[in-house]
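Each chain, written out:
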Amino acid sequence: MDTTIIDDSHRSIAGAETAITIRDFDLWYGDFQALKKVNLEIPRNRATAFIGPSGCGKSTLLRTFNRMCDFVESVRTEGTIEFDGKDIFKMDANALRVYVGMVFQHPNPFPMSIRENILYGPKRMRRISKSEGDEICERCLTRAALWDEVKDDLNKSGLGLSGGQQQRLCIARALATDPEILLMDEPTSALDPISTSMVEQLMCELAEDHTVVVVTHNMQQATRVADKTAFFYLGELVEEGPTRELFGNPRQKRTQEYLSGRFS
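In this report, the structure presented in the accompanying data block is examined. (Residues numbered from 1 in each chain as written. Predicted model: local features only at pLDDT ≥ 70, side-chain atom pairs only at ≥ 80, totals over all residues. Heavy atoms only, no water.)

### Structural notes on the packing of aromatic side chains
According to the stated counting rule, one finds 7 aromatic pairs in the structure shown. Between the aromatic rings of F50 and F65, the centroid separation amounts to 6.3 Å while the plane-to-plane angle is 65°, which identifies the pairing as edge-to-face. With a gap of 15 residues between them, F50 in strand β3 (residues 47–51) and F65 in the loop between α1 (58–64) and β4 (75–83) connect regions that are remote in the sequence. Residue F50 is classed as buried on the basis of its relative accessible area of 0%. Given a relative accessible area of 0%, F65 falls into the buried group. Measuring from centroid to centroid gives 4.8 Å for F110 and Y120, while their planes differ by 65°, and the two rings are edge-to-face. Here the residue F110 occupies a position in the loop between β6 (100–103) and α3 (114–125), and Y120 occupies one in helix α3, the gap between them amounting to 10 residues. Residue F110 is classed as partly exposed on the basis of its relative accessible area, which comes to 25%. (Phe/Tyr/Trp six-rings, centres within 6.5 Å; stacked < 30°, edge-to-face > 60°. Helix = DSSP H or I, 4+ residues; strand = E, 2+ residues; numbered from the N terminus. Buried < 20%, exposed > 50% of the residue type's maximum accessible area, 1.4 Å probe, protein only.)

As C-alpha coordinates, then:
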(Lines give C-alpha, C1' and ligand atoms only; values in the text may rest on other atoms or scores of the structure.)
Protein backbone atom coordinates (compact mmCIF):
# COMPACT_ATOMS: atom_id res chain seq x y z
CA MET A 1 0.00 0.00 0.00
CA ASP A 2 1.30 3.44 -0.92
CA THR A 3 1.73 5.59 2.19
CA THR A 4 3.13 8.68 0.45
CA ILE A 5 2.06 11.88 2.19
CA ILE A 6 1.06 14.51 -0.34
CA ASP A 7 2.00 18.07 0.57
CA ASP A 8 -0.94 20.48 0.50
CA SER A 9 1.26 23.49 -0.30
CA HIS A 10 1.46 22.93 -4.07
CA ARG A 11 0.36 25.77 -6.30
CA SER A 12 -2.16 25.18 -9.06
CA ILE A 13 -0.77 24.70 -12.56
CA ALA A 14 -4.13 25.58 -14.13
CA GLY A 15 -3.76 28.82 -16.05
CA ALA A 16 0.02 28.95 -15.61
CA GLU A 17 1.94 30.06 -18.70
CA THR A 18 4.02 27.44 -20.49
CA ALA A 19 7.79 27.79 -20.33
CA ILE A 20 8.81 24.65 -22.25
CA THR A 21 6.78 22.87 -24.91
CA ILE A 22 7.80 19.36 -26.04
CA ARG A 23 6.11 17.90 -29.11
CA ASP A 24 6.54 14.37 -30.54
CA PHE A 25 10.12 14.29 -29.28
CA ASP A 26 12.30 11.24 -29.97
CA LEU A 27 15.96 10.78 -29.05
CA TRP A 28 18.36 8.01 -30.01
CA TYR A 29 21.84 7.10 -28.77
CA GLY A 30 23.05 5.33 -31.88
CA ASP A 31 20.49 2.56 -32.50
CA PHE A 32 19.00 2.78 -28.98
CA GLN A 33 15.89 4.91 -28.66
CA ALA A 34 15.98 6.58 -25.24
CA LEU A 35 12.89 8.82 -25.65
CA LYS A 36 9.75 7.96 -27.60
CA LYS A 37 7.21 10.52 -28.81
CA VAL A 38 7.25 12.67 -25.68
CA ASN A 39 4.60 15.39 -25.51
CA LEU A 40 4.71 17.61 -22.44
CA GLU A 41 4.30 21.21 -21.29
CA ILE A 42 6.37 22.61 -18.41
CA PRO A 43 4.57 25.45 -16.59
CA ARG A 44 6.39 28.73 -15.97
CA ASN A 45 7.37 29.67 -12.40
CA ARG A 46 6.38 26.29 -11.04
CA ALA A 47 8.38 23.22 -10.00
CA THR A 48 8.01 20.14 -12.18
CA ALA A 49 9.39 16.73 -11.16
CA PHE A 50 10.37 13.88 -13.48
CA ILE A 51 10.06 10.49 -11.78
CA GLY A 52 10.55 6.91 -12.93
CA PRO A 53 12.96 3.98 -12.64
CA SER A 54 16.62 4.21 -13.65
CA GLY A 55 17.12 4.28 -17.40
CA CYS A 56 13.61 5.53 -18.16
CA GLY A 57 14.78 8.67 -20.00
CA LYS A 58 14.02 11.37 -17.42
CA SER A 59 17.62 12.64 -17.09
CA THR A 60 18.11 12.39 -20.85
CA LEU A 61 15.14 14.70 -21.42
CA LEU A 62 16.26 17.11 -18.69
CA ARG A 63 19.75 17.40 -20.17
CA THR A 64 18.30 18.01 -23.61
CA PHE A 65 16.73 21.24 -22.39
CA ASN A 66 20.14 22.96 -22.34
CA ARG A 67 21.53 20.99 -25.29
CA MET A 68 23.94 18.82 -23.30
CA CYS A 69 23.04 16.12 -25.80
CA ASP A 70 25.22 18.04 -28.27
CA PHE A 71 28.29 16.61 -26.53
CA VAL A 72 27.33 13.02 -27.47
CA GLU A 73 28.23 12.27 -31.09
CA SER A 74 25.80 9.38 -31.47
CA VAL A 75 22.71 11.38 -30.45
CA ARG A 76 19.95 11.95 -32.98
CA THR A 77 16.65 13.72 -32.30
CA GLU A 78 13.29 14.25 -33.97
CA GLY A 79 10.40 16.45 -32.90
CA THR A 80 10.56 19.84 -31.22
CA ILE A 81 11.38 21.43 -27.88
CA GLU A 82 10.52 25.10 -27.60
CA PHE A 83 11.23 27.82 -25.03
CA ASP A 84 8.88 30.78 -25.40
CA GLY A 85 8.03 29.61 -28.91
CA LYS A 86 11.69 29.28 -30.00
CA ASP A 87 13.08 25.93 -31.17
CA ILE A 88 16.05 25.21 -28.88
CA PHE A 89 17.86 23.32 -31.65
CA LYS A 90 17.90 26.49 -33.75
CA MET A 91 19.26 28.64 -30.93
CA ASP A 92 22.91 29.32 -30.14
CA ALA A 93 23.77 26.67 -27.54
CA ASN A 94 25.89 29.02 -25.40
CA ALA A 95 23.12 31.62 -25.31
CA LEU A 96 20.64 28.89 -24.42
CA ARG A 97 22.74 27.81 -21.43
CA VAL A 98 22.60 31.34 -20.04
CA TYR A 99 18.82 31.11 -20.23
CA VAL A 100 18.77 27.58 -18.76
CA GLY A 101 20.87 26.89 -15.63
CA MET A 102 21.89 23.39 -14.50
CA VAL A 103 22.65 21.75 -11.14
CA PHE A 104 24.01 18.21 -11.19
CA GLN A 105 23.65 15.15 -8.98
CA HIS A 106 27.05 15.56 -7.32
CA PRO A 107 28.27 19.00 -6.22
CA ASN A 108 30.86 20.24 -8.72
CA PRO A 109 32.31 23.56 -7.56
CA PHE A 110 35.17 24.80 -9.72
CA PRO A 111 38.67 24.69 -8.17
CA MET A 112 38.66 28.41 -7.44
CA SER A 113 37.39 30.76 -4.76
CA ILE A 114 33.75 30.98 -3.73
CA ARG A 115 33.58 34.44 -5.27
CA GLU A 116 35.09 33.29 -8.58
CA ASN A 117 32.69 30.34 -8.70
CA ILE A 118 29.75 32.74 -8.52
CA LEU A 119 31.17 35.20 -11.05
CA TYR A 120 32.36 32.59 -13.56
CA GLY A 121 29.24 32.82 -15.74
CA PRO A 122 28.69 36.59 -15.59
CA LYS A 123 32.37 37.28 -16.42
CA ARG A 124 32.07 35.16 -19.55
CA MET A 125 29.15 37.33 -20.66
CA ARG A 126 30.54 40.81 -19.98
CA ARG A 127 32.96 42.90 -17.94
CA ILE A 128 32.03 42.93 -14.25
CA SER A 129 33.08 45.77 -11.94
CA LYS A 130 34.07 44.95 -8.38
CA SER A 131 30.94 46.57 -6.97
CA GLU A 132 28.71 44.67 -9.39
CA GLY A 133 30.56 41.47 -8.56
CA ASP A 134 29.99 42.11 -4.86
CA GLU A 135 26.27 42.60 -5.48
CA ILE A 136 25.97 39.44 -7.59
CA CYS A 137 27.78 37.36 -4.98
CA GLU A 138 25.67 38.57 -2.08
CA ARG A 139 22.40 38.28 -4.01
CA CYS A 140 23.02 34.76 -5.33
CA LEU A 141 24.52 33.36 -2.15
CA THR A 142 21.61 34.82 -0.20
CA ARG A 143 19.12 33.18 -2.58
CA ALA A 144 20.97 29.89 -2.06
CA ALA A 145 20.82 30.28 1.74
CA LEU A 146 24.62 30.33 1.94
CA TRP A 147 25.58 33.98 2.40
CA ASP A 148 25.65 34.03 6.19
CA GLU A 149 27.86 30.93 6.24
CA VAL A 150 30.51 32.12 3.76
CA LYS A 151 30.36 35.94 3.61
CA ASP A 152 33.68 36.24 5.45
CA ASP A 153 35.37 33.52 3.37
CA LEU A 154 34.58 34.48 -0.23
CA ASN A 155 38.24 34.24 -1.26
CA LYS A 156 38.60 30.70 0.07
CA SER A 157 38.26 27.69 -2.23
CA GLY A 158 34.77 26.38 -2.89
CA LEU A 159 36.25 22.90 -2.59
CA GLY A 160 36.73 23.47 1.15
CA LEU A 161 32.98 23.63 1.82
CA SER A 162 30.89 20.71 3.08
CA GLY A 163 28.90 18.67 0.57
CA GLY A 164 25.64 20.47 1.30
CA GLN A 165 27.34 23.86 1.12
CA GLN A 166 29.01 22.91 -2.17
CA GLN A 167 25.63 22.04 -3.70
CA ARG A 168 24.15 25.33 -2.55
CA LEU A 169 27.21 27.07 -4.02
CA CYS A 170 26.49 25.34 -7.33
CA ILE A 171 22.89 26.54 -7.15
CA ALA A 172 24.11 30.09 -6.45
CA ARG A 173 26.53 29.81 -9.39
CA ALA A 174 23.68 28.70 -11.66
CA LEU A 175 21.59 31.69 -10.52
CA ALA A 176 24.38 34.21 -11.25
CA THR A 177 23.47 34.47 -14.95
CA ASP A 178 19.84 35.12 -13.95
CA PRO A 179 18.39 32.11 -15.83
CA GLU A 180 14.68 31.78 -16.40
CA ILE A 181 14.84 27.99 -16.07
CA LEU A 182 16.77 25.93 -13.51
CA LEU A 183 17.36 22.23 -14.20
CA MET A 184 18.24 19.99 -11.24
CA ASP A 185 19.34 16.39 -11.85
CA GLU A 186 18.89 14.49 -8.56
CA PRO A 187 20.39 17.45 -6.66
CA THR A 188 20.10 15.90 -3.18
CA SER A 189 21.04 12.26 -3.83
CA ALA A 190 24.55 12.77 -2.42
CA LEU A 191 23.48 14.92 0.54
CA ASP A 192 22.66 14.24 4.20
CA PRO A 193 19.06 14.73 5.43
CA ILE A 194 19.65 18.24 6.82
CA SER A 195 21.28 19.46 3.60
CA THR A 196 18.53 17.74 1.59
CA SER A 197 15.87 19.63 3.53
CA MET A 198 17.65 22.94 2.91
CA VAL A 199 17.93 22.31 -0.84
CA GLU A 200 14.28 21.23 -1.05
CA GLN A 201 13.20 24.43 0.70
CA LEU A 202 15.37 26.37 -1.73
CA MET A 203 13.73 24.65 -4.71
CA CYS A 204 10.30 25.68 -3.46
CA GLU A 205 11.43 29.29 -3.00
CA LEU A 206 13.12 29.44 -6.42
CA ALA A 207 9.97 28.19 -8.14
CA GLU A 208 8.24 31.42 -7.10
CA ASP A 209 10.08 33.27 -9.89
CA HIS A 210 11.96 30.60 -11.84
CA THR A 211 10.83 27.54 -13.77
CA VAL A 212 12.35 24.60 -11.89
CA VAL A 213 12.59 21.10 -13.38
CA VAL A 214 13.94 18.38 -11.09
CA VAL A 215 14.73 14.72 -11.72
CA THR A 216 14.33 12.64 -8.58
CA HIS A 217 14.17 8.98 -7.54
CA ASN A 218 12.72 10.11 -4.21
CA MET A 219 8.95 10.11 -4.59
CA GLN A 220 8.45 11.81 -1.22
CA GLN A 221 10.69 14.60 -2.49
CA ALA A 222 8.50 15.02 -5.56
CA THR A 223 5.42 15.36 -3.35
CA ARG A 224 7.20 17.98 -1.22
CA VAL A 225 8.61 20.24 -3.93
CA ALA A 226 6.76 19.74 -7.23
CA ASP A 227 3.58 21.42 -8.44
CA LYS A 228 3.51 19.08 -11.46
CA THR A 229 4.93 15.57 -11.87
CA ALA A 230 5.65 13.49 -14.97
CA PHE A 231 6.19 9.72 -14.79
CA PHE A 232 8.47 8.09 -17.37
CA TYR A 233 8.95 4.40 -18.13
CA LEU A 234 11.18 2.86 -20.81
CA GLY A 235 11.54 6.14 -22.66
CA GLU A 236 7.83 6.92 -22.69
CA LEU A 237 5.91 9.59 -20.84
CA VAL A 238 3.27 7.43 -19.15
CA GLU A 239 1.38 10.04 -17.16
CA GLU A 240 1.65 13.66 -16.09
CA GLY A 241 -0.40 16.13 -14.13
CA PRO A 242 -0.69 18.07 -10.87
CA THR A 243 1.41 16.29 -8.26
CA ARG A 244 -1.44 15.86 -5.82
CA GLU A 245 -3.62 14.22 -8.48
CA LEU A 246 -0.91 11.98 -9.93
CA PHE A 247 0.11 10.60 -6.52
CA GLY A 248 -3.39 10.53 -5.06
CA ASN A 249 -5.28 9.09 -8.01
CA PRO A 250 -2.99 7.83 -10.82
CA ARG A 251 -4.85 6.99 -14.01
CA GLN A 252 -2.42 4.53 -15.59
CA LYS A 253 -1.72 1.02 -14.28
CA ARG A 254 2.07 1.43 -14.70
CA THR A 255 1.95 4.61 -12.62
CA GLN A 256 -0.04 2.85 -9.91
CA GLU A 257 2.44 -0.04 -9.84
CA TYR A 258 5.46 2.26 -9.65
CA LEU A 259 4.03 4.43 -6.90
CA SER A 260 3.02 1.38 -4.87
CA GLY A 261 6.52 -0.09 -5.13
CA ARG A 262 5.65 -3.06 -7.33
CA PHE A 263 8.57 -2.19 -9.59
CA SER A 264 11.39 0.32 -9.33
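Next comes the rest of the write-up.
### Considering the sheet that holds strand β1 (residues 18–29)
With antiparallel pairing, 4 strands are arranged side by side in an open sheet as β2-β1-β4-β5. Strands with a single pairing partner mark the edges of an open sheet, and in this sheet they are β2 (32–43) and β5 (86–87). Note: β1 against β2, 8 bridges, orientation antiparallel. Looking at β2, one finds that I22 is bridged to L40. (Pairing = 2+ DSSP bridges.)

### A word on the layout of surface pockets
The computed volume of the largest pocket comes to approximately 660 Å³. Lining the largest pocket are 20 residues, and of these R97, F110, Y120, G121 and R124 lie nearest its centre. Mapped by element, the contributors of at least two residues to the lining of the largest pocket are α2 (93–99), β6, α3 and α6 (163–175). Ranked by residue count, the leading element in the lining of the largest pocket is α3, at 4 residues. Across the lining of the largest pocket, the residue classes break down as 11 nonpolar, 6 polar and 3 charged. (1 Å grid on protein atoms, 1.4 Å probe; cavity = no way out; pocket = protein on both sides within 12 Å on 5 of 7 lines; lining within 4 Å. Points joined across faces, edges and corners; volume = space filled by probe spheres on them. Nonpolar A, V, L, I, M, F, W, Y, C, P; charged D, E, K, R; others polar.)

### Observations concerning the pattern of salt bridges
The final tally for this structure, using the stated rule, is 22 salt bridges. Between R44 and E17 there is a salt bridge; the shortest N-O distance is 3.2 Å. Taken together, the positions of R44 in the loop between β2 and β3 and E17 in the segment before β1 put the pair 27 residues apart, joining distant regions of the chain. R44 sits in the buried class, given a relative accessible area of 19%. A relative accessible area of 55% places E17 in the exposed class. The residue D209 makes a salt bridge to R143 at a minimum N-O spacing of 3.4 Å. Note that D209 is positioned in the loop between α7 (193–206) and β8 (211–215) and R143 in helix α4 (residues 130–143), a separation of 66 residues in sequence. On the basis of relative accessibility, which here comes to 44%, the residue D209 falls in the partly exposed class. (Salt bridge = Lys/Arg side-chain N within 4 Å of Asp/Glu carboxyl O.)

### Some points on the environment of V38
Looking at the element boundaries, V38 is found in strand β2. Sequence separation between V38 and M102 is 64 residues, and the spatial gap between their C-alpha atoms is 21 Å.

### Comments concerning the state of the cysteines
Under the defined criterion, the tally for this structure stands at 0 disulfides. Between C170, a free cysteine, and C140, which holds the nearest cysteine sulfur, the sulfur-to-sulfur gap is 13 Å. Look at C170 and you get buried, because its relative accessible area is 3%. No disulfide involves C204; its sulfur sits 19 Å from the nearest other cysteine sulfur, which is in C140. (Disulfide = S-S within 2.5 Å.)

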